[in-house]
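Chain and residue survey
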Amino acid sequence: RSRMPPLNDSHCHFFTEGFFAALAWQRGKAESIEDITHELGWETPDGAEQLADRWVRELDAKGVSRAALIASVSRDEDALGAAVARHPSRLVGFFMVDASAGDATERTRRGFEEFGLRAACLFPAMHHVGLDDVRTDRILDIAAAHSGAVFVHCGVLSIGVRKKLRLPGAFDVRLGNPLELQPLATAYPQVPFIVPHFGAGLFREALMLADMCPNVYLDTSSSNNWIRYLPGLTLEAVFRAALSVAGPSRLLFGTDSSFFPRG
């Protein structure tokens, strides 16, 4: 029998102690990390390296060769770097960059240089920094200089954990149009750009972007509930269209896995 190719997951979230501490702070209450995880019914992480071990055990159990872990809060590059250093053959690090922060360029440089991470993740709607903003250009310059990739969340931004904790999301989804990425992808042809969730509701625009820019990749992650915004569209049709436009080499498998014990 022919062997199955390796299975790699391009989109998982690395929920560290820093991530839960940020949620506790945003609640504005005297809560611990354990208070937050208990309310959610999730496991409390016990350090970055131990969480990395937990992930590798899960990959082994599910037959996954490698996974990209996304630091799901800004300023968490050190924890993610420790995880990747512990399992360099199994884990790849993507780190969130808050482009509105004054130290965004320095943190981006450190993410690539000091911690060996492979992609900077931009959330224009969350951080209120457009893709045509000079602050975004600075991050792209650093990614290009380090042969890094750039992950750009487009479309609808819905964060389940924030809903569960009744935290408001002051997002401006107008900043997440995939077509706004076209000038950047053209200006930085050597940089791979990843647009998750098929554009998260802006599927037509994501396809147009991928058609114009051969360095744009789409990932398949999440529940893809955005399909409800396009009546009559099926997930099978989404895959067929994405394969037709981007081809199999630019369509990345991802699950959007995040917390334990769900795995």
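Look above for the structure.
The shown structure was predicted, so the numbers you read here are calculated from the model rather than taken from an experiment.

In this section: the pattern of salt bridges. What the rule picks out here adds up to 16 salt bridges. Arg27 is the partner of Glu31 in a salt bridge, and the nearest nitrogen-oxygen pair spans 3.1 Å. Judged by its relative accessible area of 22%, Glu31 is partly exposed. Residues Glu236 and Arg240 are paired through a salt bridge, measuring 3.0 Å at the closest nitrogen-oxygen approach. One end of the pair, Glu236, and the other, Arg240, are both in helix α11 (residues 235–246), 4 residues apart, so they sit about a helical turn from each other. The same class applies to Glu236 and to Arg240, which are both exposed. Counted as one network, the salt bridges with shared partners bring together Arg75, Glu77, Asp103 and Arg107.

Below, the discussion takes up the sheet that holds strand β1 (residues 8–14). Whether parallel or antiparallel, the strands of a sheet pair through hydrogen bonds between backbone atoms. Strand order across the open sheet formed by 8 strands is β1-β2-β3-β4-β5-β6-β7-β8, with parallel pairing between neighbours. The open sheet is flanked by β1 and β8 (251–252), the only strands paired with a single partner. Most of the contacts of helix α5 (residues 104–113) go to strand β3 (residues 91–97), to which it runs at about 175°, and overall it touches β3, β4 (119–122) and β5 (149–152).

Criteria and cut-off values
- Residues numbered from 1 in each chain as written.
- Predicted model: local features only at pLDDT ≥ 70, side-chain atom pairs only at ≥ 80, totals over all residues.
- Heavy atoms only, no water.
- Salt bridge = Lys/Arg side-chain N within 4 Å of Asp/Glu carboxyl O.
- Buried < 20%, exposed > 50% of the residue type's maximum accessible area, 1.4 Å probe, protein only.
- Helix = DSSP H or I, 4+ residues; strand = E, 2+ residues; numbered from the N terminus.
- Pairing = 2+ DSSP bridges.
- Contact = heavy atoms within 4.5 Å.
- Axes fitted to C-alpha atoms, helices over the stretch in contact; angles between N-to-C directions.

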